[in-house]
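Summary of structural features
This is what each chain is made of:
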Amino acid sequence: MGALPPGLPAHDDGAASKHAGPVRLLIAGAGARGAAYARLAAATGRATVVGLAEPRAELRDPLAKELRVPDSGAFGTWQAMLATRLPADGIIIATPDREHAGPFAAAAAHGYPILLEKPVAVDPAGCAELDRLSRETGTRATVCHVLRYTPLTALLKQLLAGGAVGRIISVQHLEPVGFWHFAHSYVRGNWRREENSSPFLLAKCTHDVDWLSFIIGSRPLRVSSFGQLAHFRPEGAPEGATRRCIDCPAEPRCPYSALKIYGAGRPPNGGRPDPARAYFADVVDPGGTPESLLHALATGPYGRCVYFSDNDVVDHQVVNIEYEDGTTAAFTATAFTAAGPRRTRIFGSHGEITIETGAISVYDFLTGTTTVHPVPAAVPQVRGEKHEGGDRGLISAWVAALAGGDWSGVVSGLDESLVSHAAVFAAEEARRNNAVVDVGRFSLSQ
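Since this is a predicted model, take the numbers as computed values, not measurements.

Focus: the overall build of the protein
- Broken down by element type, the protein carries 13 helices and 15 strands.
- On C-alpha atoms alone, the protein measures out to a radius of gyration of 22 Å, which is about the 22 Å that the 2.2 N^0.38 rule sets for 446 residues.
- Evaluated residue by residue, the protein yields a buried proportion of 53% over its 446 residues.
- In the protein, once contacts between residues fewer than 6 apart in sequence are set aside, the share between residues at least 24 apart is 72%.

Here is the structure:
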């Protein structure tokens, strides 16, 4: 990609050269992902946050206090933070999907190595612009494809490299988004409308398309895709439904009730909401009380009926992919599941792999035996950490690279990410036009 040696700025006007002591980081965006990454970086013991930019004071100020960010390092905008040219060794950009280009350009001009939340951009032109900026400035840019960094992925790559199933012939992969998770993020939440964020496949499943290429070890060649918004529409509403859950007579018999999802007086099974749902309740009402949560549901977007929202993204989609080496993959993403880990089956020339919660099972065609390889449980260590250890693995690898200059553990560079983005753009065109689409039409490099 033409990046400069690790630790050296593209321009001597903001990024500091390597030094003794903790890695100094800037954080642009303190929403759920940015806050989790910042906490994980601090938890490594090798990094400190010296600058934090977030327009929402209710998110910025508590996080700045928690991470002991100097008063002079807390900003309302990324523009104000980067204008100060703070001495720093890297920046995490976790602004909304459509707001990556500005901070990326400014950070690249200052020479900061960048860790960028996915998606890189919401269209091919945006991806091309960030690729151009990275190449022209020599900036080392890494994308947050956290699935590459999970303990499960590490074990799976080891098994495949050892010939566990011979050559990979085909793959089935399921992203079970979860009925309540989908309702939160893609019906009521920030990713409900393409014009404000991006297509569902790009916003949610770039991880999966990227992971498939990483596991298969080949580039996607052609795709087809089908999907639509099938359920979360007015005609799906139960009889008597009103516009808000808090006063809806149909609420007790609706699985998508905001009161149930966020534990607002009626947590699932009569007890406390599970940790995953509590995480989303904190998104609705950061650091609030039961009373303030009810108020947020009565007045804000997360209390709206899922059948009368303004959402337009698909709620289920399938993507078929042919790779350059002849491997094929069938990928399904759907709202209509219990939320849980992704599930995968890999069909090889000499065996079959089944990936379920906590284990990789390998069936050997020759011996007729199955060997189960447990995957160590990844217990979250900081608030907001997700993806079965992938968040932690990504941040640990990136911080270690900044600190020591060895980038071999960072395996999700911008070049690799642009391959998966091209596949997603091709899949969206295929879905909309009922066609088989060549991924190369959207690739920046061949």
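Considering the pairing of strand β13 (residues 359-364)
- Bridging between strand β12 (residues 351-356) and β13 involves 6 bridges; their strand directions are antiparallel. Across the sheet, the residue bridging to glutamate 352 is tyrosine 363, located in β13.
- In this antiparallel pair of consecutive strands, β12 and β13, the connection spans 2 residues, and glycine 358 shows a positive phi of 80°.
- Judged from the 5 bridges that link them, β13 and strand β14 (residues 370-374) form a sheet pairing that is antiparallel. Within the sheet, the bridge partner assigned to alanine 359 lies in β14 and is proline 374.
- In this antiparallel pair of consecutive strands, β13 and β14, the connection spans 5 residues, and glycine 368 shows a positive phi of 70°.

Concerning the environment of glycine 126
- On the secondary structure map, glycine 126 appears in helix α5 (residues 124-137).
- By relative accessible area, glycine 126 is classed as buried at 18%.
- Taking the C-alpha atoms as reference, glycine 126 lies 9.0 Å from histidine 100; in sequence the two are 26 residues apart.

Points about the packing of aromatic side chains
- Inspection of every chain in the model, using the stated rule, returns 14 aromatic pairs.
- Ring plane angle 45° and centroid distance 6.4 Å describe the contact between tyrosine 186 and tryptophan 191, whose orientation is recorded as tilted.
- Since its relative accessible area comes to 30%, tryptophan 191 is described here as partly exposed.
- Judged by centre distance (5.7 Å) and plane angle (15°), the ring pair of phenylalanine 232 and phenylalanine 336 falls under stacked.

Notes on the nonpolar core
- With 99 residues, the main nonpolar core has Ile91 and Tyr262 as its most contacted residues.
- Looking at this core, the element that brings in the most residues is helix α8 (residues 200-216), giving 10 residues.
- Ignoring anything within four residues of it in the chain, the contact list for isoleucine 91 reads Leu26, Ala28, Met81, Leu82, Ala107, Tyr112, Pro113, Ile114, Leu115 and Trp398.
- Among the nonpolar cores identified, the runner-up in size contains 31 residues, and Ala38, Leu63, Tyr149 and Leu402 belong to it.

Digging into the pattern of salt bridges
- Going through the model one piece at a time under the given rule, you end up with 29 salt bridges.
- Close ionic contact of glutamate 235 with arginine 233 constitutes a salt bridge, the shortest N to O distance being 2.9 Å.
- Using a relative accessible area of 34% as the deciding quantity, one classes arginine 233 as partly exposed.
- Salt bridges linked by common partners bring Glu175, Lys204, Asp208 and Arg342 together as one network.

Here's the deal with the sheet that holds strand β5 (residues 114-116)
- Pairing is parallel across the open sheet formed by 6 strands, whose spatial order is β3-β2-β1-β4-β5-β6. The open sheet has two edge strands, β3 (74-75) and β6 (141-143), and neither has a second partner.
- Summarising the sheet, strand β4 (residues 90-93) and β5 pair through 3 bridges and their orientation is parallel. Along β5, the bridge assignment pairs isoleucine 93 with leucine 116.

Basis of the calculations
Residues numbered from 1 in each chain as written. Predicted model: local features only at pLDDT ≥ 70, side-chain atom pairs only at ≥ 80, totals over all residues. Heavy atoms only, no water. Helix = DSSP H or I, 4+ residues; strand = E, 2+ residues; numbered from the N terminus. Rg over C-alpha atoms; globule rule 2.2 N^0.38 Å. Buried < 20%, exposed > 50% of the residue type's maximum accessible area, 1.4 Å probe, protein only. Contact = heavy atoms within 4.5 Å. Pairing = 2+ DSSP bridges. Phe/Tyr/Trp six-rings, centres within 6.5 Å; stacked < 30°, edge-to-face > 60°. Core = buried A, V, L, I, M, F, W, Y, C linked by side-chain atoms within 4.5 Å. Salt bridge = Lys/Arg side-chain N within 4 Å of Asp/Glu carboxyl O.

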